[in-house]
Amino acid sequence: MIFAFINNVYKLLKITCTQADLSRALRAVARAVGNGKTHPILSGVLLNADGGSLQLTTYDLSIGIQTSIDAAVATPGAAVVPHRLLADITGHLDGDSAISMTLDGDRIALATAGGSYSLSAASADDFPGLPAVAAADGAVIDLAAPLAAVIVAASNDEAKQVLTGIHLVSDGTELRMEATDGHRLAFSQIVTEQEFARQEVIIPRKTILELQRLLEETDDEVKLAIATNQVKFDFSNIELISKLVEGKFPDYTRVIPKAYKNNFTLNREALLRSLQRAAIMTSDKFKGVRCLIEPGSLKISSTNADQEEAVEELEIEYAGDAIDIGFNVTYLLDVLNNLKSDTISISLGDANSSALVTIPDDPNFKYVVMPMRI
């Protein structure tokens, strides 16, 4: 990709850092690098050195990610360099290598113990600044698990923008999250120690997926700030800023069943494995499995176009009505794979009603899945 430049006065920059730190930081900011077709400078990473640190920023005008690493700063300064080239070079160096970077006009020189490289550089003044979002309002100790449980229900249909993200509602000490694609709905709630102002926003799916990826490498708490059209997450020396989805999320409370009389609890892992085996007999075009629930038994079956069949049977403590119902097995596998609880509870009305999946003694999670005709 061609990197475009403007003849500006370039700021000085001379630093030394380790390969491991620089490579890790470049990976952290990688997903917010723009494709550069409309704005070539967005294919770069902004380097800003001052004090004893080097700050790295990428921004595709939708998502911005910023992080910093320790560095020996001989001369403070800033510049924009092609992210892909810098990441490829540092990624192939030894982890304990020292990297020196020196800016000279529109070139930045990289020096290591075994080699040297010269990369194009653009003025930091031409890189768009990240949107300003007020200081974080509160802290969430475990944001990763609730997000993982909810994001599976978000839609992939870009024609329905409001359904492609997570609906986040802050209200007092509660943070509520919902997602739906019209066939299923996931709800999760977090109770915090600090109060939030009442706000209601839709966070894009892409942002949540990126946040999940970054949270995989840390156990730090997440600080959250919500502005009129932006959201910011601060954690583990990383700042993630994103645009919000415009529109109004549908009223999810009407979808969640409240008075089902047919209920049973079973081991999550056992159900997951049975469904995975039954799913082998389904096809890409038809992912349906049949569930026959009778007193003491849950029988799961599936067939393919060649009339081959899989049947799985689980013992359950159940004394309710006999129900013969079908589901898209992918929808069930999604939720079971992303929950961490040992057991789950399933509530049913009849063969034409949705199923409600919950966690025993935990009112903070609900998953609703519509039946399908088998």
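Rules used throughout
Residue positions within a chain follow its written sequence, with the count starting from 1. Reporting of local features is limited, given that this is a predicted model, to residues whose pLDDT is at least 70; pairs of side-chain atoms are given and counted only at 80 or more, and all residues count toward the totals for whole chains, interfaces and linings. Computation of side-chain values: all heavy atoms of the structure, hydrogens and water removed. Here a strand is any run of E in DSSP of at least two residues, a helix any run of H or I of at least four, and the numbering for each starts at the N terminus. Each residue is placed in one exposure class: buried if its accessible area under a 1.4 Å probe, protein chains only, is under 20% of its type's maximum, exposed if it is over 50%, and partly exposed if it falls in between. Two residues form a contact once any of their heavy atoms are found within 4.5 Å. Each accessible area value is a Shrake-Rupley result obtained with a 1.4 Å probe; residue values ignore everything except the protein chains displayed when judging cover. Counted charges follow a simple rule, with Lys and Arg positive, Asp and Glu negative, and His plus the chain ends left uncounted. To locate a charge, take NZ of a lysine, CZ of an arginine, CG of an aspartate or CD of a glutamate. Structural elements are reduced to axes, namely lines fitted to C-alpha atoms, with helices fitted over the stretch in contact, and the angle between N-to-C directions of any two is expressed from 0 to 180 degrees. For a crossing to be left-handed, the near helix must be turned anticlockwise from the far one by less than a right angle; the clockwise case is right-handed. For this classification, Asp, Glu, Lys and Arg are treated as charged, while Ala, Val, Leu, Ile, Met, Phe, Trp, Tyr, Cys and Pro are nonpolar and the rest, including Gly, are polar. To define a nonpolar core, start from buried Ala, Val, Leu, Ile, Met, Phe, Trp, Tyr and Cys residues and group those joined through side-chain atoms within 4.5 Å. The working definition used for a salt bridge is a side-chain nitrogen of Lys or Arg within 4 Å of a carboxyl oxygen of Asp or Glu. Two strands qualify as a pair provided that DSSP identifies no fewer than 2 bridges between them. Note on definitions: the grid is 1 Å and covers protein atoms alone; a cavity is a set of points where a 1.4 Å probe fits but cannot get out; a pocket is an open set with protein on both sides within 12 Å along at least five of seven lines; lining residues have an atom within 4 Å of a point. Grid points are joined across faces, edges and corners, and a volume is the space filled by probe spheres set on the points. To obtain the arc, one takes the directions from the helix axis to the C-beta atoms. How far a helix is expected to stretch is found by multiplying one less than its residue total by 1.5 Å. The aromatic pairing rule takes the rings of Phe, Tyr and Trp, using the six-membered ring of Trp, and pairs them if the centres are within 6.5 Å, calling planes under 30 degrees apart stacked, those over 60 edge-to-face and the rest tilted. Within 3.5 Å is the distance limit for a polar contact, defined as a pair of N or O atoms, with the added protein rule that one can donate a hydrogen and the other accept it, and that residues adjacent in sequence qualify only through two side-chain atoms. The predictor attaches a confidence to each residue, and that confidence, scored 0 to 100, is pLDDT.

K.L.:
Can you help me understand the overall build of the protein chain in this one?
P.N.:
Check the secondary structure of the protein chain and you find 6 helices and 23 strands. The buried share of the protein chain, reckoned over its 374 residues, is 51%. Counting contacts in the protein chain only where the partners sit at least 6 residues apart, residues at least 24 apart contribute 68% of the total. About 18100 Å² of surface is accessible on the protein chain, with carbon and sulfur atoms providing 48% of the total. Counting 32 positive and 49 negative side-chain charges, the protein chain places the centres of these two groups 5 Å from one another.

K.L.:
Before we go on, may I ask you to explain the packing of helix α5 (residues 268-279) against helix α6 (residues 329-338) in this structure?
P.N.:
The packing of two helices is summarised by the inter-axis angle and the distance between the axes. Relative orientation of the contacting elements α5 and α6 amounts to 145°, with a least axis distance of 10 Å. In this structure, α5 meets α6 at a crossing whose hand is left-handed. Residue-level contacts link Arg 268, Leu 271, Leu 272, Leu 275, Gln 276 and Ala 279 of α5 to Val 329, Leu 332, Leu 333, Leu 336 and Asn 337 of α6. Grouping the constituent residues of the contact of α5 with α6 by class yields 8 nonpolar, 2 polar and 1 charged.

K.L.:
Just checking my understanding: could you explain the nonpolar core for this structure?
P.N.:
Most often, soluble globular proteins keep nonpolar side chains buried together rather than apart. Judged by nonpolar contacts, the single largest core of 96 residues is most densely connected at Leu 54, Met 101, Ile 108, Phe 233, Leu 271, Ile 293 and Leu 298. Examining the composition of this core, we find that 6 residues originate from one element, α6, more than from any other. Ignoring sequence-local partners within four residues, the contact set of Phe 233 consists of Leu 143, Ile 203, Thr 207, Leu 211, Val 222, Lys 223, Leu 224, Ile 238, Glu 239 and Leu 240. Residues Ile 41, Leu 46, Val 80 and Ala 124 belong to the second largest nonpolar core, which totals 9 residues.

K.L.:
Where do I start with the pattern of salt bridges in this structure?
P.N.:
Side chains carrying opposite charge are able to pair once their charged atoms draw close together. With the rule as written, the count across this model stands at 16 salt bridges. In this structure, Asp 234 and Lys 232 form a salt bridge, with 3.9 Å as the shortest nitrogen-oxygen distance. When its relative accessible area of 9% is taken as the criterion, Lys 232 is described as buried. In this structure, Asp 324 engages Arg 290 in a salt bridge whose closest nitrogen and oxygen atoms are separated by 2.5 Å. Here the residue Asp 324 occupies a position in strand β20 (residues 323-328), and Arg 290 occupies one in strand β17 (residues 288-294), the gap between them amounting to 34 residues. By relative accessible area, Asp 324 is classed as partly exposed at 35%. Shared partners join several salt bridges into a network, and the residues in it are Arg 31, Glu 210 and Arg 213.

K.L.:
Would you explain the sheet that holds β20 in this entry?
P.N.:
Strands pair in a sheet through their backbones, by hydrogen bonds, and they do so in one of two ways: parallel or antiparallel. Taken together, the 4 strands give an open sheet; going across it, the order is β19-β18-β17-β20, and neighbouring strands pair in antiparallel fashion. Each edge of the open sheet carries a strand with a single partner, namely β19 (309-315) and β20. Ignoring which end each strand starts from, the neighbouring axes of this sheet average 20° apart. The pairing of β17 with strand β18 (residues 297-303) spans 5 bridges and is antiparallel.

K.L.:
Whenever I open this one, empty space enclosed by the protein confuses me. Can you help?
P.N.:
Rolling a probe over the atoms, with the probe sized like a water molecule, indicates the empty space that remains. In the structure shown here, the tally under the stated rule is 2 cavities of 30 Å³ or more. In terms of lining residues, the largest cavity is bounded by 18 residues, among which Leu 271, Cys 291, Phe 327, Leu 332 and Ile 346 are the most central. Where the lining of the largest cavity is concerned, the elements lending two or more residues are α5, β17, β18, β20, α6, β21 (343-348) and β22 (355-359). Here the residues of the lining of the largest cavity are counted per class, giving 18 nonpolar, no polar and no charged.

K.L.:
Looking at this model, I keep getting lost on helix α2 (residues 83-91). Mind explaining?
P.N.:
Residue pairs three or four apart in sequence face the same way in an α-helix, which turns once every 3.6 residues. All buried positions along α2 are accounted for by His 83, Leu 86, Ile 89 and Thr 90. Each buried residue of α2 lies within a common arc of 140° when the element is viewed along its axis, so the set occupies one face.

K.L.:
Would you explain α5 in this entry?
P.N.:
A rise of 1.5 Å per residue sets the reference length of α5, with its 12 residues, at 16 Å; its end C-alpha atoms lie 16 Å apart and thus fit the reference within 8%. Along α5, the residues that are buried comprise Arg 268, Leu 271, Leu 272, Ser 274, Leu 275, Ala 278 and Ala 279. Here the buried residues of α5 occupy an arc of 165° about the axis, which is enough to place them on one side. In this fold, the buried residues of α5 make contact with β16 (262-267), β17, β18, β19, α6 and β21.

K.L.:
Explain the packing of aromatic side chains to me, please; I cannot follow it from the model alone.
P.N.:
Geometry of an aromatic ring pair is reported as the spacing of the ring centres plus the angle between the planes. Evaluation of the coordinates by the stated rule reveals 2 aromatic pairs. Aromatic pair Phe 264 and Tyr 318: ring centres 5.6 Å apart, planes at 75°, arrangement edge-to-face. Within this pair, whereas Phe 264 is found in strand β16, its partner Tyr 318 is found in the loop between β19 and β20, the two being separated by 54 residues in sequence.

K.L.:
How should the side chain of Glu 312 be read in this particular structure?
P.N.:
Turning to its location among the elements, Glu 312 is positioned in strand β19. A polar contact of 2.8 Å, which involves the side chain of Glu 312, links it to the side chain of Arg 277. Once you skip the residues sitting within four places of it in the chain, Glu 312 turns out to touch Ser 274, Arg 277, Leu 298, Lys 299 and Ile 300.

K.L.:
Is there a simple way to think about the confidence of the model for the protein chain in this case?
P.N.:
Caution applies to low-pLDDT parts of the model: their predicted coordinates are not meant to be read in detail. Averaged over all residues, the pLDDT of the protein chain is 91; the fraction at 70 or higher stands at 95%. Confidence, expressed as mean pLDDT per element, reaches its minimum in the protein chain at strand β10 (residues 138-140) with 58 and its maximum at α5 with 98. For residues 1-10, every residue scores under 50 in pLDDT, and the model assigns this stretch 28 contacts once sequence neighbours within four places are set aside.

K.L.:
Sorry if this is basic, but what is going on with the sheet that holds strand β7 (residues 98-104) here?
P.N.:
Strands sit in the order β5-β1-β7-β8-β9 across an open sheet of 5 strands; the sheet is antiparallel. What marks the edges here is a single partner per strand, and that holds for β5 (72-75) and β9 (116-120). Looking at each pair of strands side by side, their axes are set apart by 20° on average, direction ignored. Each of β1 (14-18) and β7 is contacted by helix α1 (residues 19-29), which is oriented at about 95° to β1, the strand it contacts most.

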